[in-house]
Amino acid sequence: MNKNFKKNILVYLVIFIVIILLLNWLIKSGQANRSKNQAENFNVYYKELLRQCGIKDKELYNCCFSSIELMSANNFKLASGIGCDPGFKINTFKCLGSFKWCEMAR
């Protein structure tokens, strides 16, 4: 192979990597903005829960936020230490940081 061909391949590879990194950054920043905007729409009850999430560990925060997002969208309440009222069951996400909520048993 000649030098120009190798050089062109290298240039295209670098451009491809830069585009992938840029797309990844755009997607992540869009998700962060969406999460921030959604949090602003939470009522006081869910905003109080959100404060308990903590932001030191991103994975824990993301799971915590997702559980609050689902609770808010469905008007679910946090499960108490003694469980849920009759006709309801406890549910949660299977990730660290998720809250447990009560939802109707089906």
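Data block above holds the structure.
**Q** Help me understand the pairing of strand 3 (residues 100-104) in this model?
**A** Every other side chain in a regular strand lies on the same face of the sheet, so the side chains alternate between the two faces. Note that strand 1 (residues 77-78) and strand 3 share 2 bridges and pair antiparallel. Bridging from a neighbouring strand, Lys-77 pairs with Cys-102 of strand 3. Pairing of strand 2 (residues 88-92) with strand 3, which is carried by 5 bridges, proceeds in the antiparallel orientation. Residue Ile-90 lies in a different strand from strand 3, and its bridge partner there is Cys-102.

**Q** What is the right way to read helix 2 (residues 44-51) from this model?
**A** For an α-helix, the turn length of 3.6 residues means that residues three or four places apart are oriented alike. Every buried residue belonging to helix 2 is among Tyr-46, Leu-49 and Leu-50, and all of these are buried. Take helix 2 and look down its axis: the buried residues cluster within an arc of 105°, on one side only. Residues of helix 2 that are exposed and point over 90 degrees away from its buried face: Val-44 and Arg-51. Its side-chain oxygen 3.0 Å from the backbone nitrogen of Tyr-45, Asn-43 forms the N-cap of helix 2.

**Q** Can you walk me through the side chain of Glu-103 in this structure?
**A** Topologically, Glu-103 is positioned in strand 3. Lys-89 provides the closest opposite charge to the buried, unpaired Glu-103, separated from it by 4.2 Å. Polar side-chain contacts of Glu-103 include one of 2.9 Å to the side chain of Trp-101. If sequence neighbours within four positions are ignored, Glu-103 has contacts with Phe-76, Gly-87, Phe-88, Lys-89 and Asn-91.

Calculation notes
Residues numbered from 1 in each chain as written. Predicted model: local features only at pLDDT ≥ 70, side-chain atom pairs only at ≥ 80, totals over all residues. Heavy atoms only, no water. Pairing = 2+ DSSP bridges. Helix = DSSP H or I, 4+ residues; strand = E, 2+ residues; numbered from the N terminus. Buried < 20%, exposed > 50% of the residue type's maximum accessible area, 1.4 Å probe, protein only. Arc of directions from axis to C-beta. Polar contact = N/O pair within 3.5 Å; in protein donor to acceptor, adjacent residues only side chain to side chain. Lys, Arg positive; Asp, Glu negative; His and termini not counted. Salt bridge = Lys/Arg side-chain N within 4 Å of Asp/Glu carboxyl O. Contact = heavy atoms within 4.5 Å.

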